[in-house]
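Structure at a glance
Take a look at the letters that make up each chain.
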Amino acid sequence: MAARKRRELFTILETSADTERDSVSDSKESPLNLCTDVKWFEIPFRKPDSDDEEELLEDDEEDEFKSTAAAETADTASYITGGSCNIILVTDNGIKHEEDAEDSYYATTNSFSESMSNDSDIDFSDLEEEEQSYFNSPFDELDEDCTSPDFWGEPDQVISIEPFTAITGPQHTLGDEADTRDYFRLLFPDSLFEYMVEQTNNYALYRQRRSGKLDSHWHPTNLREMQAYIGLNILMGINQLPDYGMYWATDIFIGNAGFKKTMTARRFEKLNQNIHLCDRELEPVRGQPDYDGLYKIRPLLNVVQNTMWEAYAPNRCLTVDEGAVAVKGRFSTTQYMPSKPIKKGLKVWMLCDSKSGYCHRANIYVGKPEEDTGTVGYRVVTSLVQGLEGKYHHIFMDSFFTSVPLMQRLLQDGLYACGTTQQNRCGFPDMLKLRNVGKLAQGQFYQCQHGNIVATVMRDTKVISCLSSNSAPGIVGICQSKQCDGTVFGIPRPLPLLLYQENMRGVDLCDQLRECYQVGRPCKKWWRYFLWFYINLCIVNAYIIMRESRGGIPPAGFSGKQFTQRHFRIRLAQQLIGDYQGARGMERAARKRHSDSPIEYGHRLERMSERSRRCRNCTNKGLRHESVFGCKICNVHLCRGGCFSEFHK
């Protein structure tokens, strides 16, 4: 009996190459939808029934076990790199290393679920009712002190994971005839464009009152012109030029006829100067009780944050990570992030879908708050997951956020989590720290457990520490890895790290889609960067909603093979611009109206500057003449004589 129990130290779920291919893709026993080249093993926990039995196993039956069990476990142990998956035994004296597999203990649970409808999510099944009656709920005793020496124990507890049954995916009533503009309107409604028009006109008057000068080149904008202005900025991200004035260049190889037809360069520049999102006259001063550091973009945030959350119901697996907005200039909120592709920029905390990259929330980092509300990672994660309580989502995050108190808080809110962590964080088990586990071989790992929370330390290319509440201990996947010389070998990875590797990519996917085509131009005002960031984010989210709603079917009128994000942006910009030609048409009408008597409308020949400039009328005729005189209303230099009247005709 003892020898039979000892032989169950390793149990192979699938060993045959043929059966493995079928089981990974089709079997309901597979713990999650990962790569098909992962071999799954279960390392059951088996304790002796009594101390007498333990002594008997160690002394009297040692020879019998070695002779009968060695042959049966040799092949299985070879999958785990020659026994490098050492087992941890937590005792009152600390950690105990076991070199021989037959003298070690490990914990696991064999409870995995049938596949859900979402392919990107982790699949777990409910525990049987009779099993649940013998184990405490994972939500019990969450207020225990994680720094207590008795907090962590052996990895021999069955974890409990509630089923995820919430509604997921796009939430809208658009039909098959909907186009890109309709999907973008879900996230950036027309009411926001109208508000931008109102505040832009108010800010133009505010600037003129402050300067005491009338801007003769400005006239109030409208909804059609504002949409065309945003459309041109979207096209600038696809057809990128060093300076925005080059889009209106006369050179046929550089200038863009569509830009020239939509509006003049001067009108575009005036919209750049005056575009605004708030009432500057009501802006609170720093130091006042109602001061808001994000006042200039607060109306935008209030609208876009709600639309992004309501347009797409979160899936089971979500990613929390930090994003960066590249800036040029000096701003007080600029952060240095050496591990990010954008090393220096404005920081944004993002909650994204692990599969599609859809961004549900994006909170701007404005510095440390005045009141002490815990660590930054704890505060950020709890604020991003508001509204998900009790829905049993799985949150994945990196070592900047993960801690034992955060895991306890998320479990208390009905959320599971997994993420790498740092060993100096509060509550991390002392027996798993490097000074106690010693030097680890590649693929070697240790685990300990408290309820649903499992702590893991493993060495891959470097030592990795991980905390999880959504994966059972003792589940090992053999992943293929390649050396520099091309040699392929298998490395065992515990289930928490496999889950992390598969589902921690949500924010990175969103950043990839967003960074492909930038919107807007560099400027000196920090809030402009966030305006273009959220517009770009709405474009990415609208593209994801359209792709999932239509199942990859392109909208009507598209003749290409695949409707990519580039096609989506071009089509959206064209629909925003439409047939608008307001600015150029107004200027042409004004010139025609003034042609009979330009002096009657204020156009007169005056001294423009001390330095002479080229005459615009002569330049149009291919001649080169310079003059210090000109028309201030038209802002052009003209020769004294016939050029003034000829130009105004």
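The structure this text deals with has already been given above.
The paragraphs below set out a description of the structure included in this document.

The helix and strand tally for the protein chain stands at 21 helices and 22 strands. Residues classed as buried in the protein chain amount to 50% of the 649 residues present. Long-range pairs, those at least 24 residues apart, make up 68% of the contacts in the protein chain between residues at least 6 apart in sequence. Here the protein chain has roughly 31900 Å² of accessible surface; of this, 47% comes from carbon and sulfur atoms.

Judged by nonpolar contacts, the single largest core of 75 residues is most densely connected at Phe 188, Tyr 229, Ile 230 and Met 350. Sorting elements by how many residues they give to this core places helix 17 (residues 526-549) first, with 17 residues. Not counting residues within four places of it along the chain, the set of residues in contact with Tyr 229 comprises Met 263, Phe 268, Leu 271, Asn 272, Ile 275 and Trp 532. Grouped together as the second largest cluster of nonpolar side chains are 53 residues, Leu 384, Leu 410, Leu 432 and Ile 453 included.

Two numbers describe how helix 6 (residues 180-187) lies on helix 17: the axes approach to 8 Å, and their chain directions differ by 120 degrees. Here helix 17 runs oblique to helix 6, going by the angle between their axes. Viewed along their axes, helix 6 and helix 17 form a crossing whose handedness is right-handed. Residue-level contacts link Thr 180, Tyr 183, Phe 184 and Leu 187 of helix 6 to Ile 535, Cys 538, Ile 539, Asn 541, Ala 542, Ile 545, Met 546 and Ser 549 of helix 17. Here the residues of the contact of helix 6 with helix 17 are counted per class, giving 9 nonpolar, 3 polar and no charged.

Looking now at helix 11 (residues 298-311). Under the 1.5 Å per step criterion, the end-to-end length of helix 11 is 20 Å for 14 residues, consistent within 8% with the ideal 20 Å. Taken as a whole, helix 11 has its buried residues at Leu 300, Leu 301, Val 304, Gln 305, Thr 307, Met 308 and Ala 311. Buried residues belonging to helix 11 abut strand 5 (169-170), helix 6, helix 7 (190-211), strand 6 (312-313), strand 10 (359-364) and helix 17.

A few words now on the sheet that holds strand 18 (residues 606-607). In space, the 3 strands of this open sheet follow the order 18-21-22, with antiparallel pairing throughout. Edge strands, defined here as strands with exactly one partner in the open sheet, are strand 18 and strand 22 (636-637). Summarising the sheet, strand 18 and strand 21 (residues 629-631) pair through 2 bridges and their orientation is antiparallel. Looking at the pairing, Glu 606 lines up with Gly 630 of strand 21.

Rules used in this analysis
- Residues numbered from 1 in each chain as written.
- Predicted model: local features only at pLDDT ≥ 70, side-chain atom pairs only at ≥ 80, totals over all residues.
- Heavy atoms only, no water.
- Helix = DSSP H or I, 4+ residues; strand = E, 2+ residues; numbered from the N terminus.
- Buried < 20%, exposed > 50% of the residue type's maximum accessible area, 1.4 Å probe, protein only.
- Contact = heavy atoms within 4.5 Å.
- Areas by Shrake-Rupley, 256 points an atom, 1.4 Å probe, with all protein chains shown as cover.
- Core = buried A, V, L, I, M, F, W, Y, C linked by side-chain atoms within 4.5 Å.
- Axes fitted to C-alpha atoms, helices over the stretch in contact; angles between N-to-C directions.
- Parallel < 35°, antiparallel > 145°, perpendicular 65-115°, else oblique.
- Left-handed = near helix turned anticlockwise from the far one by under 90°.
- Nonpolar A, V, L, I, M, F, W, Y, C, P; charged D, E, K, R; others polar.
- Expected span 1.5 Å × (residues − 1).
- Pairing = 2+ DSSP bridges.

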